[in-house]
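Per-entry structural report
In case you want the letters, here they are:
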Amino acid sequence: MTNLMLAWAITTAQVLIGLAMLCAAYRMLVGPRVQDRVLGLDTLYVNAMLMLVTFGIQTGRTLYFEAALIIALLGFVGTVTLAKFLMRGEVIE
Amino acid sequence: MPIACPNGWGRECTDAAPPPVKRNTAPPGDTEISAATADLLWVLLALPFAGSLLAALLPARARNAAGLVAGGTALVGALLTALLYSSLADGALRAEIAWLPSLGLDLVLRLDGLAWIFAFLVLAIGFLVVVYARYYMSPEDPVPRFFAFFLAFMGSMLGLVLSGNLVQLVFFWELTSLFSFLLIGYWHHNETARKGARMALIVTAAGGVCLLVGVLLVGKIVGSYDLDEVLAAGDLVRSSELYLPALVLILLGAFTKSAQFPFHFWLPHAMAAPTPVSAYLHSATMVKAGIFLMIRLWPVLAGTDAWYLIVTTVGLATMGIGAWAAIFQQDLKGLLAYSTISHLGLITLLLGLDSPLAAVAAIFHTLNHATFKASLFMAAGIIDHEAGTRDLRRLSGLYRFMPYTATLAMVAAAAMAGVPLLNGFLSKEMFLAEALDTHSGTPIDAALPYLATAALALSVLYSVRFIHQAFFGPPPVGLPKQPHEAPFWMRVPIEVLVLACLVVGTLPAITVGPFLDTAVRSVLGSATPAYSLAIWHGFNRPLLLSLVALAGGGAGYLIFRERLNAMSGAPLIGRFKGRKGFDAVLASIVNTARALERRLGTVRLQPQLKLLAAIACLAAFLPFGRYGYSLGDATGTIADPGFVVIWLVGGACAIGAAWQAKYRRLAALILMAGAGLVSCISFVWLSAPDLALTQLLVETVTTVLLLLGLRWLPKQRPDVWPAGRPPLAVRLRRGSDLLIAIAAGCGMALISYAVMTRPLGESLSTFFLERAYAEGGGRNVVNVILVDFRALDTLGEIAVLAIVGVTVFSLLRRFRPAEESVRAPEQQLLQNAADEAREGRRVGDTLTDYLLVPRIIMEWLFPFIIVFALYLLVRGHDLPGGGFAAGVTMSIALILQYVASGTRSVEARLRVRPLSWIGVGLLVATATGAGAWLFGYPFLTSWFDYAELPLIGRVPLASALVFDLGVFILVVGATALMLIALAHQSIRTPMKRARPAEPS
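Residues numbered from 1 in each chain as written. Chains lettered and ligands numbered in written order. Predicted model: local features only at pLDDT ≥ 70, side-chain atom pairs only at ≥ 80, totals over all residues.

What follows concerns the overall build of chain A. A tally of helices and strands in chain A yields 4 helices and 0 strands. Helices (α) and strands (β) of chain A occur, in sequence order from the N terminus, as α-α-α-α. A globule of 93 residues ought to have a C-alpha radius of gyration of about 12 Å, yet chain A, at 16 Å, is considerably larger. Viewed in the frame of its principal axes, chain A has a C-alpha envelope of about 55 × 25 × 10 Å. The buried share of chain A, taken over its 93 residues, is 48%. Looking at chain A alone, contacts between residues at least 24 apart form 43% of all its contacts between residues at least 6 apart. (Helix = DSSP H or I, 4+ residues; strand = E, 2+ residues; numbered from the N terminus. Rg over C-alpha atoms; globule rule 2.2 N^0.38 Å. Buried ≥ 20, exposed ≤ 12 C-beta atoms within 10 Å, placed from the backbone. Contact = placed C-beta atoms within 7 Å.)

Structure follows, in structure tokens:
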């Protein structure tokens, strides 16, 4: 019973996170401003991390949490550099 | 038609197996001694190369030291060779090192009588020429370089004559061409020298290529490149279908090297070399390489109609043309060069005659020619050195100024002319005897005695002309220098060689006899004919012809002397200029290449990429055209909904990125990051965590890298298509690009689908999965493959990475951005203006204020990311991670600091030395690999064990981890170098304070 519930919960979560990713991708594609696209990318990263966590729960293998860890630790780098680029016109000055 | 038994013209069968080779056939007690003796051959071969290296390292002015090194090397080599002679008594010496036995490529040194005599010639004359060159070369020249090339040539020539493997022989053959090129072009400020060097290289190297193909054919026929086996397979080779092509190709090699007609033209042009080079390479040794090859392969290739016709005709033509041209030369060295050509033709002719006696004469004449011609060249060098000119018309009466040199030159010239009691006479008699002998009954054969006598008469004529014109007559007028006798040590080498001419000429049987016999026996084996080295054979026809030649030549000089001096080129053959043909061929090759480049080449990136993609696409489609396309059985796999959604996102991002790439680079970059993320998740989903981890890190770095570059790209120009709509050609081009893109993408998808619907077959991964832990000591198979099984590949890859990093760095040092990108970006100007306009704010405050929180976060994250990087490194052998991932992580940590605080602030606090890191990384990785040698294992063998550490417990230890550490350091260095080099462009712009801002 618990297992079945967990399985349903995970699948539901994955579908919902997938929908969230679709929304983020829509923002990335449509814009209209570059700032919107950057935020869309950041949201995509966060959702991808969550997706990996659900996948880890589903399979019970720790390796997937590590991928999630990397996104959590370093996923923001892209956002930050993009933001810096937008604000100053160059990443490193 | 090649014929099986070389019995073409009724002479005895010359097909004889060479004498037995001393391998392991010696009695037990003797084996070790002979093996040790054979190993001396390696020493002998290595000696000149070691000397060359030593001389090359000397300072440019160290004339004496370089001379000592060169002379010492040559002398020791000559003595060693002399010592080895005694061990030739019972067969050839052989030393082998297995290199690629599966391909029949082993390093084999083989010393038999013929090789010995050539090796001794190379080293002994080499020594004499070194002594001469020490006094000949001017102190202004970089003499150590000369001797370095000289010794390297000597080593190559030794390698050539000692080779016991045909491919190895070709290798050394090409080396001699190369060093000859360097030596001819030694005075590279001189255009004639450069041109002559290039011509010699092109002609001889082209011949070398032919020779290589010919040797490969012989190897194919015999089934081995080993000289002993080839020599024993003469019948097989001659009866093979491939005999004729192999023969022609090998002879092309020999003829180009030995300056045979019609390839002889390079030799006179090579006379732009310093005279010691001419004496050594272009009379005594290198030009004899072709002769050596023909003698060496004589038992295999000779004895057929084809051999007789080709070799005899070419030899005869060369002998005649060389002698004819020689009498009209006004340049001393030119005369000697054409005379060398003529004598080489004579030797070739002898070899072509296909009789054992003629082969004996050929070997003997090779020796004699080397001695008298080298001494004549050295005498010519002395005249040039002391009188300042080599023009025979300006020289006169030098006898009174340099009587010693004159006497020596006279004896040597007499030997060349074939005067009795000198060595040239003996081999000339043998030659005439062979010429008189009937061989084939062809017109060539019938005319041979007359042609030979005529050529010898010409030879007498130019010898007399050389001596008389230079040394006799009235005192010279208007010479550039006041002539005087050469220094003592410059004359000694000539004295030694002339003495050899005399001694051999008077007492041939007891001086050169035994050595010649060993050489002849090593070639002819049991077919060695009876021959006599006596001076007097009675009054016979050869002697008569000899006397006719002497008288005719002398009389010719008396009659035509004045007219010869007035000539400025050889009549009859003057129109045939080998050089013109050569230049025309070269020019047409160059022009064709240029035309092809103009028609087919482009410097624009777009068409190149288009071609690349289109051809790759086509190549991928070709197999399907032949074998058809079908799907596997597993087409009905149900897709995971989550996965489908993710792929929708990824696909949309990828298409969007391509769509926006041209005009909205930033948007394309963002979309690309999205697509990259999706592919990382796919890797995780499909159980490739290692790949996903690395890809995630690479994605991050790529985004930063592209953003750094984006700053310097020019903006879009709205005014390119004023009409608003691009012209048809542009639209067509874009349309075809789109088609290629769609075809490539769909093709890739189809291939993937076909592969993934099939069960995974037995693949290489099983091998690695089974052995990774047992043999590599790691559970992360990918990492074990990288640092253990395929560590050599990894070493190569990180070396490439290092090279790329350094290249990017050095390219960016010279990078000058586009005019409109140089000034600071608009945002910065606006923010700075706002700062200035407001009371109480300094320029840059906006930046500092806005970045305060992110900066602190990023700075505080620095140690955490470093710890994470080290974690990835250490656990890499057992779990996903490893040196590469860790290195990229580490460089992300660094870049974050740059983003947060700016270049100046970071470099004031941190010592960022990417170049040193690259070096250290490469050293660590290589040293780890080399460490295996200390324990007697091959390069890059790894070792692993477990250690008990207090508190931490059982820890796996593997030498591969140290290797991985090297990879880590190098990757950090290379990544950081590229990113920081780009970042440094900002602070190089003239808008800001100038500062030496290269990453050090």
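So, on to the overall build of chain B. When helices and strands are tallied, chain B shows 39 helices and 4 strands. Expressed along its principal axes, the backbone C-alpha trace of chain B runs to roughly 115 × 70 × 70 Å. Considering only intrachain contacts with a sequence separation of at least 6, the fraction spanning at least 24 residues in chain B is 79%.

With 42 residues of chain A at the interface, the matching set in chain B holds 47 residues. Of the residues in the side of chain A that touches chain B, the class split is 30 nonpolar, 6 polar and 6 charged. (Nonpolar A, V, L, I, M, F, W, Y, C, P; charged D, E, K, R; others polar.)

Right, let's get into the pairing of strand 2 (residues 105–111) of chain B. Consecutive residues of a regular strand have side chains that alternate between opposite faces of the sheet. All names here are of chain B. Bridge count between strand 1 (residues 93–100) and strand 2: 7 bridges; the pairing is antiparallel. Of the residues in strand 2, the one forming a bridge with Ala-95 is Leu-109. Counting the residues that bridge the hairpin from strand 1 to strand 2 gives 4 residues, and of these Gly-104 lies at a positive phi of roughly 75°. (Pairing = 2+ DSSP bridges.)

A few words now on the packing of helix 2 (residues 63–84) of chain B against helix 3 (residues 113–136) of chain B. All names here are of chain B. Closest axis-to-axis distance for the helix 2/helix 3 pair is 9 Å, and the angle between their directions is 155°. For the element pair helix 2 / helix 3, the angle class is roughly antiparallel. Helix-helix and strand crossings are classified by hand; for helix 2 and helix 3 the assignment is left-handed. Residue-level inspection shows Gly-67, Ala-70, Gly-71, Ala-74, Leu-75, Gly-77, Ala-78, Thr-81 and Ala-82 of helix 2 in contact with helix 3, the latter providing Trp-116, Ala-119, Phe-120, Leu-123, Ala-124, Gly-126, Phe-127, Val-130, Val-131 and Arg-134. In terms of residue class, the contact of helix 2 with helix 3 is built from 13 nonpolar, 5 polar and 1 charged. (Axes fitted to C-alpha atoms, helices over the stretch in contact; angles between N-to-C directions. Parallel < 35°, antiparallel > 145°, perpendicular 65-115°, else oblique. Left-handed = near helix turned anticlockwise from the far one by under 90°.)

Domain boundaries in chain B define domain 1 (330–570), domain 2 (574–601) and domain 3 (770–1000). Look at where the C-alpha atoms of domain 1 of chain B and domain 2 of chain B centre, and you get two points 38 Å apart. (Domains from an automatic or database assignment.)

Another aspect to go through is helix 6 (residues 191–222) of chain B. Between the first and last C-alpha of helix 6 of chain B there are 46 Å, a value that for 32 residues agrees with the 46 Å anticipated at 1.5 Å per step. Of the residues trailing helix 6 of chain B, Gly223(B) is marked for its positive phi of about 90°. (Expected span 1.5 Å × (residues − 1).)

In summary, soluble globular proteins display a tendency toward joint burial of nonpolar side chains. Of all hydrophobic cores here, the largest spans 222 residues; its most connected members are Leu183(B), Ile295(B) and Ala412(B). Apart from residues no more than four positions distant in its own chain, Ile295(B) is found in contact with Leu114(B), Leu351(B), Ala359(B), Ala362(B), Ile363(B) and Val523(B). Val91(A), Ala886(B), Val899(B) and Val912(B) belong to the second largest nonpolar core, which has 116 residues in total. (Core = buried A, V, L, I, M, F, W, Y, C linked by C-beta atoms within 7 Å.)

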